Structures are given as structure tokens and as C-alpha cells.
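# Reading the structure
Spelled out from the first residue to the last, the chains are:
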Amino acid sequence: MAICCFPSPLKPITPAIPLTNLKPKRPDILRCNFSLPTITTTEPEPVFTSVRSFAPATVANLGPGFDFLGCAVDGLGDFVSLRVDPSVHPGELSISDISGPKKLSKNPLYNCAGIAAIATMKMLNIRSVGLSLSLEKGLPLGSGLGSSAASAAAAAVAVNELFGRKLEVKDLVLAGLESEAKVSGYHADNIAPAIMGGFVLIRSYDPLELMSLQFPVEKDLIFVLVSPDIEAPTKKMRAALPAEIGMPHHVWNCSQAGAFVASVLQGDLVGLGKALSSDKIVEPKRAPLIPGMEGVKKAALEAGAFGCTISGAGPTAVAVVDSEERGVEIGERMVKTFWNEGNLKAVASVKRLDRVGARLVGSVPR
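Thresholds applied
- Residues numbered from 1 in each chain as written.
- Predicted model: local features only at pLDDT ≥ 70, side-chain atom pairs only at ≥ 80, totals over all residues.
- Heavy atoms only, no water.
- Buried < 20%, exposed > 50% of the residue type's maximum accessible area, 1.4 Å probe, protein only.
- Helix = DSSP H or I, 4+ residues; strand = E, 2+ residues; numbered from the N terminus.
- Contact = heavy atoms within 4.5 Å.
- Phe/Tyr/Trp six-rings, centres within 6.5 Å; stacked < 30°, edge-to-face > 60°.
- Lys NZ or Arg CZ within 6 Å of the ring centre and 35° of its normal.
- Axes fitted to C-alpha atoms, helices over the stretch in contact; angles between N-to-C directions.
- Left-handed = near helix turned anticlockwise from the far one by under 90°.
- Nonpolar A, V, L, I, M, F, W, Y, C, P; charged D, E, K, R; others polar.

## Notes on helix 9 (residues 293-302)
When helix 9 is considered as a whole, its buried residues turn out to be Met293, Gly295, Val296, Lys297, Ala299 and Ala300. Buried positions along helix 9 lie against helix 8 (283-286), strand 10 (307-310), strand 11 (317-321) and helix 10 (324-342). Positive backbone phi, approximately 115°, marks Gly304, located one or two places after helix 9.

Take a look at the structure:
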């Protein structure tokens with residue numbers, strides 16, 4: 001199925017801002033409005049016949065940072081292949097293939113990658129060529145590792161790269177948010193780090209302001225990700241949260257989120273882990289919905305992890321350590337505890353921080 005995406009002209013978009021030269025400990029702030037802008041100058045022509053992009057898994061919330069903190073994880077993620085397709089009507093997008101979960105729709109309006117790709121095409125005012133997209137899912141659905149965001153980020157980056165990288169990072173995040181809003185709610189703590197890499201703080205949603213938090217490059221940060229064999233749909237897990245909270249818990253979580261940000265910038269793993277484990281608002285409501293989670297967290301901390309919490313909406317548990325060897329040992333303890341206390345099979349992986357985010361990994365020039 002092909003979907004038309006004819007836009008109306010708004011304001012021009014300036015060239016992309018590189019994030020690789022940011023100074024340590026000085027957050028970069030990206031600001032934009034909710035409306036999807038379009039280029040008012042000439043429609044860009046494709047610079048490639050086809051491109052292939054990758055977007056990493058992400059850990060959202062990071063304990064006390066519900067909906068405003070997230071980070072990217074290296075080595076896990078989704079791929080998108082995108083090509084100019086003469087058989088697709090100009091200005092339209094078709095999803096030709098999906099590898100991975102069978103229940104994903106090939107209708108671009110009901111697919112995370114399709115929605116983000118269409119939003120990016122609108123921004124670029126694409127009218128003259130049709131595009132065909134192929135999605136390779138490397139992340140399971142409902143895992144708490146930003147599966148929908150990875151698909152959206154890879155798609156947005158693929159469209160942008162195909163047409164010469166005309167959009168800024170913040171615009172790609174907005175395109176991804178179009179997808180996230182339809183799938184799991186309007187939250188950027190997965191899509192922003194999936195596109196930007198590293199740690200990201202969402203300072204504001206209206207207008208959207210994103211701050212890149214630089215973890216020192218000389219420090220080791222290892223994530224232990226343990227995923228039990230159940231799904232935890234984001235909408236269901238969000239429905240479990242309280243509509244109101246008391247002032248003491250508000251003050252506590254704010255202070256812990258501040259401590260987390262400071263620890264990231266300082267490269268303080270002990271402080272980071274302590275803050276990661278400190279949520280008193282969201283985790284207490286979600287943990288009982290994941291069999292064995294409370295015991296898994298206890299086992300990780302007793303085994304030497306600096307901190308442990310639920311990754312995003314779950315069910316994946318995430319712990320932080322400073323060495324891969326220790327991470328493997330802690331991961332084994334966590335897997336065993338999921339089975340003993342939750343009667344759930346689980347798989348552990350030990351990964352590093354992805355500092356790059358979504359990127360081009362292959363292309364065929366015109």
C-alpha cells in the first residue's frame with residue numbers, strides 16, 4: 001500500500017547541526033515547535049538510489065526520569081532500507097517488506113517506520129518521486145527497549161539521507177514523535193536518544209527542547225539488559241500509573257533526577273546507579289506487573305550492580321556496571337532470578353552506550 005504525503009509550505013529548515021563536537025559537561029539544547037515544517041525552496045532531489053540506515057535500542061526513564069530522560073544502547077536496533085521506486089506513485093511511500101514480527105502492518109499509516117518516513121517526506125516537500133521501504137526488526141515488540149522508536153528513527157534518517165541530509169536533528173525527532181504519538185503516546189525519551197545517541201534530557205515538550213548530556217568518553221559504562229519472555233505494551237503500562245502524586249514523592253524524584261544528570265556529566269557511576277534505582281513514582285506501580293522484577297532488582301544490586309530499574313515500560317530490567325565481565329555475571333544472576341521468582345525465561349545481553357544514534361550504514365549513489 002502506498003500513502004500520499006503532499007504537504008503545504010511553511011518555514012525553511014537550516015542545515016543539520018553536528019552533535020559530535022559538543023564539549024563535555026555542557027549540554028546542547030535543541031528547540032523546535034510541534035508543527036511539522038516544510039522546505040519552501042525547491043524540492044530536493046535524491047542524492048542516492050537507495051540507502052540503508054540503523055537506529056539503536058534505547059532505555060527510557062532511567063529510574064526517576066519518567067518521560068524526560070533516555071539513552072541509546074550500542075549493538076541492538078532496527079535497520080531500514082529505502083529506495084527510489086518508479087513503481088510507486090510520486091510523492092507516495094510503500095512498505096515492501098518487513099522481517100521480524102509477523103503482526104506488523106505494511107500499511108504506512110499503521111507502521112512506526114511508515115509514519116515517521118511520511119512525516120519526513122512532508123518536511124522535505126517530496127512530490128516528484130515515490131519511495132519503497134523495507135524494515136528489518138532487530139528489537140522485539142513490547143520489550144521496553146524502544147522498539148517503535150528504533151523503527152521510526154531509522155526511517156526518518158533514511159529519508160533525510162536519501163535527499164541530501166537537509167533536515168536538522170530536532171526535525172527528525174519531531175518526525176519520530178509523529179510515530180510515537182500514534183503508537184505509545186507523545187513522549188520523546190526513546191526517539192530522541194535513538195536519533196541523537198548518548199544520554200538525552202527532554203527539557204520541555206512545548207516547545208520541544210532537547211539537551212544532549214555528555215558522558216565522559218574515558219569512562220566505561222556497561223548496561224546489563226535482561227528481557228523476560230513476556231510483552232509489556234507501553235499503553236498498558238502507562239495506564240497503571242497514578243494520575244496524581246504527593247509532594248514528598250515529587251520532591252524526591254526531582255532530586256534524584258537532578259543527581260542522575262549530574263552523575264552522567266561527571267562520569268560518576270556510583271551516583272548514577274544510586275539515582276537509577278531511586279524512583280518512587282513509576283517503578284513501584286509497574287514492577288508488580290512484571291513477575292519477578294522486584295527480586296531481579298535485588299539480585300542485581302546484591303551481585304554488585306551500581307543500580308537497576310525497569311527499562312522504559314518494561315519488561316526488560318536494566319542494570320549498570322563498569323566492566324563487561326561483571327556484567328555477564330550479574331546478567332546470569334538476573335536471568336536465574338526471573339525464572340526462580342517469576343517463572344519466566346529471560347535473555348541477558350551486555351552492551352555499551354551508543355554515542356552516535358541513528359545513522360547511515362550503506363548507500364548506492366545515483
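Additional details are given in the paragraphs that follow.
## Section: the packing of aromatic side chains
Taken as a whole, this structure holds 4 aromatic pairs when the rule is applied. Summarising the aromatic geometry, the rings of Tyr186 and Tyr205 are spaced 6.3 Å apart at their centres and angled 65° between planes, so their arrangement reads as edge-to-face. You can see Tyr186 sitting in the loop between helix 3 (169-183) and helix 4 (191-196) and its partner Tyr205 sitting in strand 7 (residues 199-205), a full 19 residues away along the chain. Classification of Tyr186 by relative accessible area gives partly exposed; the value is 33%. With 6.0 Å between their ring centres and 65° between their planes, Phe199 and Phe260 make a pair best called edge-to-face. Of this pair, Phe199 sits in strand 7 while Phe260 sits in helix 6 (residues 247-266); the two residues are 61 residues apart in sequence, bridging distant segments of the chain. Among the residues examined, Phe260 registers a relative accessible area of 1% and is labelled buried. Aromatic ring contacts, followed pair by pair, group Phe199, Phe215 and Phe260 into a single cluster. The positively charged end of Lys280 is found above the aromatic ring belonging to Trp252, 4.2 Å away from the centroid.

## Section: the packing of helix 2 (residues 147-162) against helix 3
Helix-helix packing is characterised by the crossing angle of the two axes and by the distance between the axes. Interaxial distance between helix 2 and helix 3 falls to 9 Å at its minimum, and their mutual angle equals 145°. Note that helix 2 runs across helix 3; the crossing there is right-handed. Contacts from Ser148, Ala149, Ala152, Ala156, Val157 and Asn160 of helix 2 reach helix 3 at Leu172, Ala175, Gly176, Ser179, Glu180 and Val183. Residue composition of the contact of helix 2 with helix 3, by class: 7 nonpolar, 4 polar and 1 charged.

## Some points on unusual backbone geometry
Backbone torsion omega between Asp206 and Pro207 reads 5°, so that peptide bond is classified as cis. Residue placement: Pro207 occurs in the loop between strand 7 and strand 8 (208-213). Positioned with a positive phi, Asn61 is a non-glycine residue whose angle comes to about 75°. Along the polypeptide, Asn61 turns up in the loop between strand 3 (48-60) and strand 4 (69-84). Phi at Arg165 is positive, roughly 55°, even though this residue is not glycine. Structurally, the position occupied by Arg165 is in the loop between helix 2 and helix 3.

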